[in-house]
Amino acid sequence: MITALDHVQLAAPRGSEERLRSYYVDVLGMTEISKPPVLARRGGCWFQAGAVLLHLGIEEDFRAARKAHPGLRVTDIDSYAARLEAGGAPVTWDPALPGRKRFYSQDPVGNRLEFLD
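Residues numbered from 1 in each chain as written. Predicted model: local features only at pLDDT ≥ 70, side-chain atom pairs only at ≥ 80, totals over all residues. Heavy atoms only, no water.

Right, let's get into the side chain of Lys 35. The residue Lys 35 is located in the loop between strand E2 (31-33) and helix H2 (37-40) in this model. At 7.2 Å, Glu 17 is the nearest oppositely charged side chain to Lys 35, a buried residue that forms no salt bridge. A polar contact of 3.3 Å, which involves the side chain of Lys 35, links it to the backbone oxygen of Leu 39. Separated by 2.5 Å, the side chain of Lys 35 and the backbone oxygen of Gly 43 make a polar contact. (Helix = DSSP H or I, 4+ residues; strand = E, 2+ residues; numbered from the N terminus. Buried < 20%, exposed > 50% of the residue type's maximum accessible area, 1.4 Å probe, protein only. Lys, Arg positive; Asp, Glu negative; His and termini not counted. Salt bridge = Lys/Arg side-chain N within 4 Å of Asp/Glu carboxyl O. Polar contact = N/O pair within 3.5 Å; in protein donor to acceptor, adjacent residues only side chain to side chain.)

If you want it as structure tokens, here you go:
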């Protein structure tokens, strides 16, 4: 029986780790967590915010996820959107989900992220 979602993995191009760290730590406010040494050799980085875990893995033939995306719940969504915009990240509001306030953004390598209240 499935009891929880452990993590979401997104792909990234080789050599993008510093850009990802700047975005996921400085802009989104996540914490980078250490990868096990056997996995660290593959490149990429892992991030955490509370129980939310995002893994960014290196993919040689990288193509950004433009439709598939994690949906991340946030508090004070208006302030969070302003934080992303101040960090240079795009914010596109989408009113199409009744009863929810949400927006989309992209990480520095083009992966789509959804943020919901």
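Moving on, there is more to tell.
Take unusual backbone geometry next. Unlike most non-glycine residues, Asp 76 shows phi in positive territory, near 50°. Overall, the relative accessible area of 51% leaves Asp 76 in the exposed class.

Another point: the environment of Leu 28. Following the sequence through the fold, Leu 28 ends up in the loop between helix H1 (17-27) and E2. Distance in space between the C-alpha atoms of Leu 28 and Phe 103 is 14 Å, their sequence separation being 75 residues. Those residues within four positions of Leu 28 in sequence are excluded, and the remaining contacts are Tyr 23, Tyr 80, Arg 83, Leu 84, Leu 113 and Phe 115. (Contact = heavy atoms within 4.5 Å.)

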